[in-house]
Structure formats: C-alpha cells, structure tokens
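# Notes for the structure review
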Amino acid sequence: QILRWDLATGDSEVVYQTELSSLLGGLAISNDSKSLYCGGTEALIKVSLPSRKIEWQSSGRVISIVPLANPNRLLALHSKHAEVAQVRDTSTGDIIAKLNVNHLKDLRGVTPDAELAAFASPARRDIVLANAETLIETKRLHIEGFELAYAAYESRQGRVFGMDGKGRTVVWNAETYEVVRDSRDTKMIRTELLAIPGTEWMLSIDSVQDLLIWDPGSGKEYSRIKVPPPVKVVISRDGKQLLTTSNRNKNAIFVWDFESMRRDLK
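Fair warning: this is a prediction, and the values are worked out from it, not measured in the lab.

## As for the overall build of the protein
Within the protein, the secondary structure is distributed over one helix and 24 strands. The buried share of the protein, taken over its 266 residues, is 53%. Of the accessible surface of the protein, which amounts to about 12500 Å², a share of 44% is contributed by carbon and sulfur atoms.

This is the structure in structure tokens:
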C-alpha cells in the first residue's frame, strides 16, 4: 500500500495499493509533490496521487530515481546486464538521454536542482561528472587507492564529494578538480550521501543506522536523527519531506516532515 500521512496527527489513508515488495528498488517524489515514482523489476511506475497509475516498460530493474529541476525530466538508473542511467520524459516516459556507468548501484547524491550529476563508479574507482539532463560526461575524478562507494555534487560552493563507506571522505573543487580535503574518521563510518537542497549539508546513514546531517567540507556533524533502520532515503526537491523505507516493517515507507527536523540547525 501507498499511504498518505497527516504528519500532525499521524492519521493515514491508502491512496494506492500494489505489490511494493517488487517496487522498492527505486522511490521518489515528483517536484510538485503530486506524483510518486516507483522502480519495478521491468517497469518504471508513476502514480499520480490519489490513484492514477502510469507504467513505462524498462529493460531491467529500476533501482534508483531522481526527479530533475526541469519538471518534464526524470533521472533513473536501470540495471540488467550493465548499469545505465537514463533521463526520461515525465509525461510520455520516452528516453531522452542515457549513460553507461560500470557497477553504479544508486543515484546517491545527485542533486535535483544542479546542472551536474556526480555518479560513483566503484569498479573503476572513479567519480563521473555529467550534465544532469543530457548525461554528456564532462569529467572523471580518480584517486589511486581510494575505494569509492558514494559520490555527490553540491552546487552552492561547487564541491564534489566522494566517500568509501569506511570513514574516508575526499572533496574536490568542481571547477579546478583539485582535492581540497582528504580525511578519514573511522569512528564515524557513513553510508549514503545525499545533498540537502538549499543548504551546504549532506545527509548520510551512520554505522548504527541513524540519519546524520553534516558538512563534508569540514566534517562537522549538525544533527543525528533516529528513525526505523532505513534501506532507502529520499529527500524531496524542496527539502521539506524525507522518505525512508525499512525492511523491519514489511517494506514500510515512512514520510517525515524534514523541514521541522532541521529547523533549529544553524
């Protein structure tokens, strides 16, 4: 079931019902918060709330989805024999552009309102930078011996981030591609790397599965949020809503008032 929640009262209503066990590979809210996108085994499904469903065929499992700043464009990651990032038309489902990225597992850290998208390619230990709409590759960043797992691009200060999931963070200048910070903190091993819209902060999951709001540029931690152990985390483009999925509650989807979670942050 897909539920609509009243975040003030906790009341909910079923707005769509389907086999979510096959859809939790990809999940995203549209820019106008009126549609939900779900990735299936061989399909990309758009649910226009409250109940209208549109299904587009996919060659392989849709494992990650990001609505772009252009309301007519959607970035999706498909996986079958190889990983392919695709830009689709949100009205027709037509494929506008695509990019092959070896062993890319998720679109972590792709900022919806940024011109650039940063893709982690663990097989080659590269970060691939590409135009978010055309998927034309602009640069590959590489550090020898860096076991890259996650990547993100932050547009406010023009920084590119890479993480290895073992406590190491590398920060590049997006214009000069020079390394401006290379640090390791084994006490704070983080997974996931999502840019928070309108801020210079990132959202990650730590080793005890708490959500962390932090600044990769300085390493400073701003807030720690306890939620049911998350499998997937999605931030809406306006930064007001946070979606998490959890295996502990029969593939439950949780919708959080993210704006109130970070209201007191400075």
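## Topic: the environment of Val 47
Mapped onto the fold, Val 47 is located in strand β5 (residues 43–48). For the pair formed by Val 47 and Leu 36, sequence separation is 11 residues and the distance between their alpha carbons is 5.1 Å.

## Considerations on the sheet that holds strand β15 (residues 159–163)
Pairing is antiparallel in the open sheet, where four strands are placed in the order β14-β15-β16-β17. With partners counted over all chains shown, the strands left at the sheet margins are β14 (150–154) and β17 (179–184), one partner each. Along the sheet, successive strands turn relative to each other by an average axial angle of 15°, direction set aside.

## Observations concerning unusual backbone geometry
Even without being a glycine, Leu 135 presents a positive backbone phi close to 60°. On the secondary structure map, Leu 135 appears in the loop between β12 (126–131) and β13 (137–142). Positive phi outside glycine occurs at Tyr 177, with the angle close to 65°.

## Considering the pairing of β12
On a regular strand, one side chain projects to one face of the sheet and the next to the other, so that they alternate. Where burial is concerned, most of β12 is hidden: five out of the six residues are buried. Two elements, strand β11 (residues 116–121) and β12, share six bridges in a ladder whose sense is antiparallel. Note that in β12 the partner of Ala 117 across the bridge is Ala 130. Of the strand pairs in this sheet, β12 and β13 are connected by five bridges, and their pairing is antiparallel. Across the sheet, residue Leu 129 finds its bridge partner in β13, namely Lys 139.

## Re the sheet that holds strand β7 (residues 61–67)
Ordered in space as β7-β8-β9-β10, the four strands form an open sheet in which the pairing is antiparallel. Looking at which strands have only one partner, the edges of the open sheet turn out to be β7 and β10 (95–100). Averaged over all neighbouring strand pairs, the angle between strand axes comes to 20°, with direction disregarded. Two elements, strand β9 (residues 83–89) and β10, share five bridges in a ladder whose sense is antiparallel. Counted as the bridge partner of Val 87 is Ala 97 from β10.

Reading guide: rules and limits
- Position labels on residues start from 1 in each chain and follow its written sequence.
- Confidence filtering applies because this is a predicted model: local features only for residues at pLDDT of at least 70, side-chain atom pairs given and counted only at 80 or more, and all residues used for totals across whole chains, interfaces and linings.
- Computation of side-chain values: all heavy atoms of the structure, hydrogens and water removed.
- Only runs of H or I of at least four residues qualify as helices and only runs of E of at least two qualify as strands under DSSP, and these elements are numbered from the N terminus.
- Per-residue accessibility, obtained with a 1.4 Å probe over protein chains only, is compared with the maximum for each type, and a residue is labelled buried under 20%, exposed over 50%, and partly exposed between these values.
- Under the convention used here, a 1.4 Å probe and the Shrake-Rupley method define accessible areas, while residue burial counts only the protein chains that appear.
- Only when DSSP finds a minimum of two bridges between them are two strands counted as paired.
- Every axis corresponds to a line fitted to the C-alpha atoms, with the helix fit spanning only the stretch in contact, and the corresponding angles, defined between N-to-C directions, vary from 0 to 180 degrees.

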